[in-house]
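Descriptive analysis of the structure
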Amino acid sequence: MDEKIIIPKFRGLITASIMLATTLYALDWTIVVVAFPHMKGIFAATEDQIAWAVTCYVVASAIAMPTAGWASRRFGRKAVMLFSVGGFTISSFFCGLADSLVVEVIARTCQGFTGGFIVPLSAPIILDSYPRKEHSKALAIWSFGTFAGSFVGPVLGGYIIEYMSWRWVFYINIPIGLISLAGILFFMKETKKEKTARLDWFGFITLAVGVSSLQIMADRGHRLDWFESTEIILECIVSCFAFYLFFWHTLTSRQPFLNPKLLYIRQFVIGAILLSFYGLLQTPVLVMMPVFLEDLIGYPVDLVGLLQMPRGVGLVIALTLASKLSGKIDPRIIMGTGFALLAISNFEMSHWSLDVSAWKIIWTGIFQGIGAGFIMLPTQEIAFHGSNSDQRTDASAIMNLARSMCSSLGVSVTLIVYFLSAGISRSDLIPNINLQSSFFNALPNSGDRAEALATMEIEIQRQASMLGYDGAFLFLTVLSIIPIIILLFVGNLKVGDQKYE
């Protein structure tokens, strides 16, 4: 039976405002990566130091996400969204204004924390504005806003860096944030507030410590040689102990921080698992491709951004098709097609060389975008099916937290594979270099030989790095097959009023 929905008077404007906010948050995940080389020079920071600008953003977001359910009940969804979008916009101004790395990291932390409420709240707000029969359309709109920013980020960032200043990758958030803020303020109605809603501080603190320790470990592990580092070992121990306390407390507490009853809803668990695989598979490519295209292939930064655009085109195509096919085709077929497209594109990328053509980059990007859209919409529909308005915020928080954590882990594990593959390839290449060849003997003096050796060393490094990327993409190919196998063993599913055996 369809849940009773009171259609908001300004539903279109509310949807547009929420979509702008989610796009804004997603945009900052990828647009900043393009600016890192410039920020590193301005702040006179090392690669390890400048990485804290991303680490703090991710950790702060992960801490804020699970509190969205409690905050919306206690203060109302509208108030929390105003705080979130307003705080994100103000923090963006200070990110662009920063004149030192310390100020930048503090501003990015505030930006991540305030923005962390946007995605968990945006899906329930949009779903509650549409009747259940239109949830597919609503989720398609939300998915586009949530994930299009990730694809648009490198494109927009490339042009901003090339023709303006790195500071404008943050300043660009201000007009978008103000428009979204005005729409929420004037058109969205406040939800009922529960003044007695209590925050489970023990559950919150243990989850925050566990998540932040795991995220920092995942982000810094490849730089510190993983468990060869005392810091990584300590972070692993703290994370495991904190998660143990959190799960023990959740199962024994009367009013736990997150509602464990959601984990008994079979479709929600399936959707959350598949969404986690989405994070594992998509984010590493989004992070690695700009570096691959600019540093290794040698494309200018504006062209690097432009070559990321096909992903967005593919995403729009897939979301449009998936919303029309919803309720007509088994969602397992749509999701399986999405993961298969990711596997095909990653397999093709695992055979790239240093002279890879722009056409190959374009069509694999389109496949990646279509795959993402085919995965995102059905997983959301499956996960949210059967949930009522009171459960949706917690469900959205758990799913997006899982996706965020798996995104960080996906990047870290893929980088491990990259470094291992590059190292092995370099070891295999070096024995094939013949220093007694006629080429070296024909050089007139030792200076020319030294220059030739240096040139050869650079070329060996480039070839080894290319093979490292090939290994990483092959790893993602294998990883893409796992969710396809999971889908083969998934039982009955229900989307809307349609049940699939």
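As a reminder, the structure under discussion sits directly above these lines.
Here we summarise the structure given alongside this text. (Residues numbered from 1 in each chain as written. Predicted model: local features only at pLDDT ≥ 70, side-chain atom pairs only at ≥ 80, totals over all residues. Heavy atoms only, no water.)

1. A closer look at helix H6 (residues 101-115)
Over its 15 residues, H6 runs 20 Å from end to end, which matches the ideal 21 Å to within 8%, given 1.5 Å per residue. Leu-101, Glu-104, Val-105, Ala-107, Arg-108, Gln-111, Gly-112, Thr-114 and Gly-115 are the residues of H6 that are buried. (Helix = DSSP H or I, 4+ residues; strand = E, 2+ residues; numbered from the N terminus. Expected span 1.5 Å × (residues − 1). Buried < 20%, exposed > 50% of the residue type's maximum accessible area, 1.4 Å probe, protein only.)

2. Description of the nonpolar core
Within soluble globular proteins, side chains that are nonpolar tend to cluster in buried spots. Ranked by internal contacts, the top residues of the largest apolar core, which has 107 residues, are Met-289 and Phe-292. Ignoring sequence-local partners within four residues, the contact set of Phe-292 consists of Ile-297, Trp-352, Val-356, Met-466 and Tyr-469. Of all hydrophobic cores here, the second largest spans 23 residues; its members include Ile-50, Ala-53, Ala-98 and Phe-170. (Core = buried A, V, L, I, M, F, W, Y, C linked by side-chain atoms within 4.5 Å. Contact = heavy atoms within 4.5 Å.)

3. A look at the pattern of salt bridges
A complete count under the given rule lists three salt bridges for this structure. Ionic pairing is found between Arg-77 and Asp-128, a salt bridge with its closest N-O pair at 2.7 Å. Placement of Arg-77 in helix H5 (residues 77-97) and of Asp-128 in the loop between helix H7 (118-127) and helix H8 (135-163) is noted, with a sequence separation of 51 residues between them. Residue Asp-128 is classed as buried on the basis of its relative accessible area of 15%. The salt bridge partner of Asp-330 is Arg-332, with a shortest N-O separation of 2.7 Å. Each of the two residues, Asp-330 as well as Arg-332, counts as buried. (Salt bridge = Lys/Arg side-chain N within 4 Å of Asp/Glu carboxyl O.)

4. A closer look at the packing of aromatic side chains
Evaluation of the coordinates by the stated rule reveals 21 aromatic pairs. Seen from their ring centres, Phe-292 and Trp-352 are 5.8 Å apart, and the 25° between their planes marks the pair as stacked. One end of the pair, Phe-292, is in helix H13 (residues 266-297); the other, Trp-352, is in the loop between helix H16 (331-349) and helix H17 (358-384), with 60 residues separating them in the sequence. Using a relative accessible area of 0% as the deciding quantity, one classes Phe-292 as buried. An angle of 75° between the planes, with centres 5.0 Å apart, marks the rings of Trp-363 and Phe-367 as edge-to-face. Residue Trp-363 and its partner Phe-367 are both found in helix H17; the two are separated by four residues, about one turn of the helix. An aromatic cluster is present here, built from Phe-292, Trp-352, Tyr-418, Phe-419, Tyr-469 and Phe-473 joined pairwise through their rings. The positively charged end of Arg-108 is found above the aromatic ring belonging to Tyr-57, 4.1 Å away from the centroid. (Phe/Tyr/Trp six-rings, centres within 6.5 Å; stacked < 30°, edge-to-face > 60°. Lys NZ or Arg CZ within 6 Å of the ring centre and 35° of its normal.)

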